[in-house]
Every structure is written in C-alpha cells, then in structure tokens.
Amino acid sequence: MQFLIDFILHIDVHLANLVNSFGLWSYALMFLIILIETGVVVLPFLPGDSLLFAAGALSANANNILDAWILWIGFFIVSLIGDSLNYFIGRTIGQKLLNTKIGHFIKPEQIKETEKFYEKHGAIAIILARYMPIIRTLAPFVAATSNFPYLRFFKYSLIGTFSWASIAVWAGYFFGNIPFVRKHFTMIILAIIVVTILPAIIGFIKTRTKKTKN
C-alpha cells in the first residue's frame, strides 16, 4: 500500500522509469492498470485520472516514445471495455460476490453512496461517475445489480469514457510540461485527487450528519 501511495504521488517519476524500462510494452502495462481499475470492482484504489494526465504529459516530450494519440485511443477503449466487464460481473455474480471474502473489499457505505449518487443524478450519473475515483469503479457494478438496461448503460458509458480519456490525456499533453506544473507535479496530482473525490467526501459527511441527527 505504501508503494501504491508513493507511485500515485510521484507518478511522473515512476511512469518515466516504467517507460524507460519496458519501452513500448509500457503501453500494455498502463492500459492494463486502467482496465483493472475500471473493470475489477474490488480494486477501485488504482491510479486513474493521475495516470492519464501523467502519461499525456510524458507524451508531449519529444524524447519520449509515448504517443498521445495512441494513449488517448487506448485509454478510451480499455476504460469502455472495463465498464462493460464490471457491469457483467455485477449482473452475473454481483450479490454472490458481495457475500464472499472478496466482497469484503467493497465497503457497504461505498455501495450506498454510489446508489445515492444514482438516485440524485439519474442515468447521467454513469457519465459523472467516470470523473470520481471509487464511484467510477462501483457505478457499473451498482447499475447492473439495480437491473439498469445494458444498452442504455453502454450509451452513457461511451460518452463518459470518451470525454474522460480526452480531457485527462490532452490536459496532460498541453499543460503537463509547463515549467510551473513540472516543478509542482506532485501537488498537481494531489489537487486532481482531492477535486475528484471531494463530491464523495461531501456526500459521506452529509450522510454521517443525518445519521447523527436521527
């Protein structure tokens, strides 16, 4: 866990080392991370937004082998596949999974927060969830266990994953190598994490406050 935290906070350094060590295979490793983060419901803590941003920033460096267009298309495709994989896991073995030891990694309050997120925002929650860590991973699973129609889910997933990959990769490409951003890259990554999880934190605080009052 300590390594994971360090990897996320200094993802620019670790990612550069990864690319230098594995070359073109680093594409496969990065795409695999996003596929797992999106598609495996019990692993919502893997890097998402920060990885796309850092990869985009690296691709802007002329001396780097990464190509922004390949990253953009690849991240879009694997996140779309991950959403559908997650959905079908929830549809086929969702309730059984929650009752196993593996299901212990999924906290009940996280499921409840995701369900409330759906109730508040409706179908568009599938798009909005793409920008929120943890909820991003749980949203397809909850949609499936709630009998949300797959074709409708896929339509919103398509919009969400396309916009997410586009914004994260190209933001990194155009802004990641600005001297100020490079100098304060760790703080920028922290800011991205805080901004994306803030809605979930606010929702959790509101829920706890209501429970206390009752």
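If you're wondering where the values come from, they're calculated on a predicted model, not measured in any experiment.

A. Focus on the overall build of the chain. A tally of helices and strands in the chain yields 11 helices and zero strands. Reading the chain from its N end, one meets helices and strands in the order α-α-α-α-α-α-α-α-α-α-α. The burial tally for the chain puts 46% of its 214 residues in the buried class. Restricting to contacts in the chain with at least 6 residues of sequence separation, those with at least 24 account for 78%. Carbon together with sulfur atoms contributes 70% to the accessible area of the chain, which is approximately 11600 Å² in total.

B. Quick look at the packing of helix α4 (residues 49-59) against helix α9 (residues 150-175). Packing of α4 against α9 leaves a shortest axis separation of 6 Å and a crossing angle of 45°. Accordingly, the angle class assigned to the pair α4 and α9 is oblique. Handedness of the crossing formed by α4 with α9: right-handed. Contacts between α4 and α9 involve D49, L52, F53, G56, A57 and S59 from the first element and W164, A165, A168, V169, A171, G172 and Y173 from the second. Looking at the contact of α4 with α9, its residues break down into nine nonpolar, three polar and one charged.

C. The arrangement of the nonpolar core in detail. L15, M30, L52, L71, F75 and F185 are the most contacted members of the largest nonpolar core, which totals 31 residues. At the level of elements, α2 (11-22), α3 (25-39), α4, α5 (68-98), α9 and α11 (185-213) are the ones that each hand at least two residues to this core. Y118, A123, A144 and F148 belong to the second-largest nonpolar core, a separate cluster that totals 16 residues.

D. Structural detail: α2. For α2, which comprises 12 residues, the first-to-last C-alpha distance of 16 Å matches the rise-based estimate of 16 Å (1.5 Å per residue) to within 8%. Of the residues one or two after α2, G23 is the one with positive phi, at around 60°.

E. Representation of the side chain of S26 within the structure. Examined against the element boundaries, S26 turns out to sit in helix α3. For S26, a relative accessible area of 0% translates into the label buried. Among residues more than four places away in sequence, those in contact with S26 are L18, V19 and L66.

F. The arrangement of the pattern of salt bridges in detail. In the structure shown here, the tally under the stated rule is three salt bridges. For the salt bridge of R136 with D49, the shortest nitrogen-to-oxygen distance reads 3.1 Å. Here R136, found in helix α8 (residues 135-145), pairs with D49, found in helix α4; they are 87 residues apart in sequence, far enough to count as distant. Assessed through its relative accessible area of 2%, R136 is described here as buried. For D49, a relative accessible area of 12% puts it in the buried group. Beyond isolated ion pairs, a larger network of salt bridges with shared partners links E37, D49 and R136.

G. View of α9. Relative to the 38 Å expected for 26 residues at 1.5 Å per residue, α9 spans 36 Å between its end C-alpha atoms, a close match to the ideal helical length. For α9, the complete set of buried residues consists of F153, Y156, S157, G160, T161, W164, A165, S166, A168, V169, W170 and G172.

H. Looking closely at a nonpolar patch on the surface. A contiguous nonpolar surface patch, about 450 Å² in accessible area, is contributed by F174, F175, I178 and F180. Relative to the helices and strands, F174 resides in helix α9.

I. Quick peek at the environment of P140. Residue position: P140 is located in helix α8. You can call P140 buried: its relative accessible area is 2%. Every residue in contact with P140, bar those within four places of it in the chain, is listed here: D83, N86, Y87, Y118 and F153.

J. Looking closely at the packing of aromatic side chains. Counted under the stated rule, the structure contains 16 aromatic pairs. Here Y87 and Y150 contribute two aromatic rings whose centre-to-centre distance is 5.2 Å and whose plane-to-plane angle is 55°, an arrangement assigned as tilted. In this pair, Y87 is assigned in helix α5 and Y150 in helix α9, connecting sequence segments 63 residues apart. An aromatic cluster is defined as three or more aromatic residues linked by ring pairs; in this entry it consists of W69, W72, F76, F162, W170, Y173 and F174. One cation-aromatic arrangement involves R130 over W164; the distance from NZ or CZ to the ring centre is 4.6 Å.

What counts as what
Residues numbered from 1 in each chain as written. Predicted model: local features only at pLDDT ≥ 70, side-chain atom pairs only at ≥ 80, totals over all residues. Heavy atoms only, no water. Helix = DSSP H or I, 4+ residues; strand = E, 2+ residues; numbered from the N terminus. Buried < 20%, exposed > 50% of the residue type's maximum accessible area, 1.4 Å probe, protein only. Contact = heavy atoms within 4.5 Å. Areas by Shrake-Rupley, 256 points an atom, 1.4 Å probe, with all protein chains shown as cover. Axes fitted to C-alpha atoms, helices over the stretch in contact; angles between N-to-C directions. Parallel < 35°, antiparallel > 145°, perpendicular 65-115°, else oblique. Left-handed = near helix turned anticlockwise from the far one by under 90°. Nonpolar A, V, L, I, M, F, W, Y, C, P; charged D, E, K, R; others polar. Core = buried A, V, L, I, M, F, W, Y, C linked by side-chain atoms within 4.5 Å. Expected span 1.5 Å × (residues − 1). Salt bridge = Lys/Arg side-chain N within 4 Å of Asp/Glu carboxyl O. Patch = residues over 30% accessible without salt bridge, like charges linked within 9 Å, V, L, I, M, F, W, Y side chains within 5 Å. Phe/Tyr/Trp six-rings, centres within 6.5 Å; stacked < 30°, edge-to-face > 60°. Lys NZ or Arg CZ within 6 Å of the ring centre and 35° of its normal.

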